Amino acid sequence: MAKEGAEKADETEQMIEKEGGKEAAEGSGGCSLRAGDTKEMRAVLLSGFGGLNKLRVAKKVMPEPQEGELKIRVKACGLNFIDLMVRQGNIDNPPKTPLVPGFECSGIVEALGDNVAGFEIGDRVMAFVNYNAWAEVVCTPVEFVYKIPDDMSFSEAAAFPMNFVTAYMMLFEVANLREGMSVLVHSAGGGVGQAIAQLCSTIPSVTVFGTASSFKHEAIKDSITHLFDRNADYVQEVKRISADGVDIVLDCLCGENTGKGLSLLKPLGTYILYGSSNMVTGETKSFFSFAKSWWQVEKVNPIKLYEENKVIAGFSLLNLLFKQGRSGLIKGIMDKLITLYNEKKIKPLVDSLWALEEVKEAMQRIHDRGNIGKLILDVEKAPTPLVSENVSTTLKKAHGGSTETKCCVQTEPSTSRC
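Computed from a predicted structure; not experimentally measured.

A closer look at helix α7 (residues 234–241)
Next up, step 1: Turning to α7, its buried residues number three or more, namely Tyr-234, Val-235 and Val-238. Seen end-on, α7 carries its buried residues on one side only, within an arc spanning 105°.
Next up, step 2: Where the residues of α7 are buried, they touch β8 (182–185), β9 (207–212), β10 (226–229), β11 (246–251) and α8 (256–264).

Things to note about the packing of α7 against α8
Next up, step 1: Where α7 meets α8, the closest approach of the two axes is 10 Å, and the angle between their N-to-C directions is 10°. Viewed along their axes, α7 and α8 adopt a mutual orientation that is roughly parallel. Listed contacts from α8 to Tyr-234, Val-235, Val-238 and Lys-239 of α7 are Asn-257, Lys-260, Ser-263 and Leu-264.
Next up, step 2: For the contact of α7 with α8, the class distribution of residues is four nonpolar, two polar and two charged.

Re the side chain of His-186
Next up, step 1: Assignment of secondary structure puts His-186 in the loop between β8 and α5 (191–200).
Next up, step 2: A distance of 3.0 Å separates a polar atom in the side chain of His-186 from a polar atom in the side chain of Thr-211.

Re α8
Next up, step 1: Of all the residues in α8, the buried ones are Asn-257, Thr-258, Gly-259, Gly-261, Leu-262 and Leu-264.
Next up, step 2: Looking at the buried side of α8, the elements it contacts are β8, α7, β11, β12 (265–273) and β13 (311–314).

Quick word on the confidence of the model for the protein
Next up, step 1: Counting all residues, the mean pLDDT for the protein is 84, and 78% of those residues have values of 70 or more.
Next up, step 2: Here residues 288–296 is a poorly scored stretch, pLDDT under 50, and it has 11 contacts once near neighbours within four places are set aside; other chains count.

Quick word on the pattern of salt bridges
Next up, step 1: Counted under the stated rule, the structure contains 17 salt bridges.
Next up, step 2: Glu-136 is the partner of Arg-42 in a salt bridge, and the nearest nitrogen-oxygen pair spans 2.9 Å. Placement of the pair is Arg-42 in strand β1 (residues 40–46) and Glu-136 in the loop between β5 (124–128) and β6 (137–141), with a sequence separation of 94 residues. Taken as a pair, Arg-42 and Glu-136 share a single burial class, namely buried.
Next up, step 3: Residues Lys-75 and Glu-380 are paired through a salt bridge, measuring 2.6 Å at the closest nitrogen-oxygen approach. With a gap of 305 residues between them, Lys-75 in strand β3 (residues 69–79) and Glu-380 in the loop between β15 (374–378) and β16 (386–387) connect regions that are remote in the sequence.
Next up, step 4: Judged by its relative accessible area of 58%, Glu-380 is exposed.
Next up, step 5: By sharing partners, the salt bridges in this structure join Glu-64, Lys-71, Arg-73 and Glu-110 into a single network.

Brief notes about the pairing of β1
Next up, step 1: Most of β1 sits inside the fold, with six of its seven residues counted as buried.
Next up, step 2: Relative to strand β2 (residues 55–61), β1 is paired through seven bridges, and the arrangement is antiparallel. When the sheet's bridge partners are listed, Leu-45 is paired in β2 with Arg-56.

Side note on the packing of aromatic side chains
Next up, step 1: Inspection of every chain in the model, using the stated rule, returns seven aromatic pairs.
Next up, step 2: Arranged with centres 4.6 Å apart and planes meeting at 45°, the rings of Tyr-168 and Phe-172 form a pair that is tilted. In this pair, Tyr-168 and Phe-172 are both assigned in helix α4 (residues 161–174), four residues apart and thus about one turn of the helix distant.
Next up, step 3: Assessed through its relative accessible area of 18%, Phe-172 is described here as buried.
Next up, step 4: Where Phe-209 meets Phe-228, the ring centres are 6.3 Å apart and the plane angle is 20°; that geometry is what we call stacked.

A short note on the environment of Leu-349
Next up, step 1: Position of Leu-349 relative to the elements: it lies in the loop between α12 (327–342) and β14 (350–354).
Next up, step 2: Here Leu-349 falls in the buried class, since its relative accessible area comes to 6%.

A short note on the nonpolar core
Next up, step 1: Formed by 100 residues in total, the largest nonpolar core has its most connected members in Trp-134, Phe-160, Leu-177, Ile-196, Leu-199, Ile-330 and Leu-337.
Next up, step 2: Looking at which element gives the most residues to this core, the answer is α4, with nine residues.
Next up, step 3: Each residue touching Leu-337, except ones within four places of it in the same chain, is listed here: Phe-160, Phe-164, Val-165, Tyr-168, Leu-199 and Ile-346.
Next up, step 4: Core analysis: the second largest hydrophobic core is formed by 12 residues, Leu-184, Val-246, Leu-265 and Tyr-271 among them.

Things to note about the packing of α4 against α5
Next up, step 1: Where α4 contacts α5, the axes come no closer than 8 Å and their chain directions differ by 50°. The angle between α4 and α5 falls in the class oblique. Here the hand of the crossing between α4 and α5 comes out right-handed. For the pair α4 and α5, the contacting residues are Asn-163, Phe-164, Thr-166, Ala-167, Tyr-168, Met-170, Leu-171 and Phe-172 in the first and Gly-191, Val-192, Ala-195, Ile-196, Gln-198, Leu-199 and Cys-200 in the second.
Next up, step 2: Residues belonging to the contact of α4 with α5 are distributed by class as follows: 11 nonpolar, four polar and no charged.

As for unusual backbone geometry
Next up, step 1: Residue Pro-98 is reached from Thr-97 by a cis peptide bond, and omega for that bond is 5°.
Next up, step 2: Looking at where Pro-98 falls in the secondary structure, it is placed in the loop between α2 (81–88) and β4 (104–112).
Next up, step 3: The backbone phi angle of Asn-176 is positive, close to 55°, even though this residue is not glycine.
Next up, step 4: Within the fold, Asn-176 resides in the loop between α4 and β8.
Next up, step 5: By relative accessible area, which is 41% here, Asn-176 ends up partly exposed.
Next up, step 6: The phi dihedral of Arg-369 falls on the positive side, at around 55°, and the residue is not glycine.
Next up, step 7: Inspection of the secondary structure puts Arg-369 in the loop between α13 (359–367) and β15.

Calculation criteria
- Residues numbered from 1 in each chain as written.
- Predicted model: local features only at pLDDT ≥ 70, side-chain atom pairs only at ≥ 80, totals over all residues.
- Heavy atoms only, no water.
- Buried < 20%, exposed > 50% of the residue type's maximum accessible area, 1.4 Å probe, protein only.
- Helix = DSSP H or I, 4+ residues; strand = E, 2+ residues; numbered from the N terminus.
- Arc of directions from axis to C-beta.
- Contact = heavy atoms within 4.5 Å.
- Axes fitted to C-alpha atoms, helices over the stretch in contact; angles between N-to-C directions.
- Parallel < 35°, antiparallel > 145°, perpendicular 65-115°, else oblique.
- Nonpolar A, V, L, I, M, F, W, Y, C, P; charged D, E, K, R; others polar.
- Polar contact = N/O pair within 3.5 Å; in protein donor to acceptor, adjacent residues only side chain to side chain.
- pLDDT = per-residue confidence, 0-100.
- Salt bridge = Lys/Arg side-chain N within 4 Å of Asp/Glu carboxyl O.
- Pairing = 2+ DSSP bridges.
- Phe/Tyr/Trp six-rings, centres within 6.5 Å; stacked < 30°, edge-to-face > 60°.
- Core = buried A, V, L, I, M, F, W, Y, C linked by side-chain atoms within 4.5 Å.
- Left-handed = near helix turned anticlockwise from the far one by under 90°.

Below is the structure:
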């Protein structure tokens, strides 16, 4: 494995050298550039939609901030399941390739565009980016940037915005979570799943039902009230504990789970779809998986919703930010979340750190559902994966449990054993 890893590293370096001039030209709109005219940076490039072989590290022209933008020297980037779907082209209206993936990052403000207020060069920040996050430098509008608390690391900051804003919006803005309610969350061991669990713990007497792969149960058992294997008949398990069902269902799977989730809702309950990971079965986009998932989705009858007093909703944070112009709303949510962080009530859970050159292995880990918490691309890290040793410690601090610290040892590029 060591030999194979060294060969991959050599191959990556050769790619960087070979593609450097080409990518610089692409990044400048095809203009001819003389040496010294522009600065370059490393970035992850998606050359076309498809498998892992469509990803590579390349040199690109470093961007400069336009009016209303900040230039950020990136320290860490978040890796989300939506990034797998983007790579496959498994999203509505995918952008043209080549492109630099990634929607969130953390780093240090390096330059300010005109008419930017509230930030200074040297500020530690986390930000949403409409693509282009997986690079050494990004530029993004000031309304998508937030200052990092003093005791939050760059890796934690890169794990914070997508996961916690999504969780908070669904629980409190859409479903109106209150004391004594019950929540069912799928993929409870993932970044969003753990953010949901932590936020539920801030409200008294909330019962959390969760599904996750069985090997994750020991690590997350203190954050979930009732935990089921992802392959079990969770509908019967939930009803055995709560005959009336649950108040809120948060579904990132889609397919047959839509009908199951609706069947579990109590009167006045809310089902929220915020992902469709069941459509991702292989390394590349599968029409069969898409068709199967679509076919399995229960056709919603509005009259039935009316008769049963049930609510069905959808949530897409990226659409809310970049297509529907609700950055002001998100800013208010981020302020509330940072307050909860400063009060030690929530804390991002980082699964592992990966170099940009290891993005393929990191994506495979997410595809295999092997992560507990968030995978982070560490821009300054040299290749050789470091899997976080404090996953359970973070859970313990966030939930007041007694979970022992577990060290996850990376055994192969796409697997880990705990």
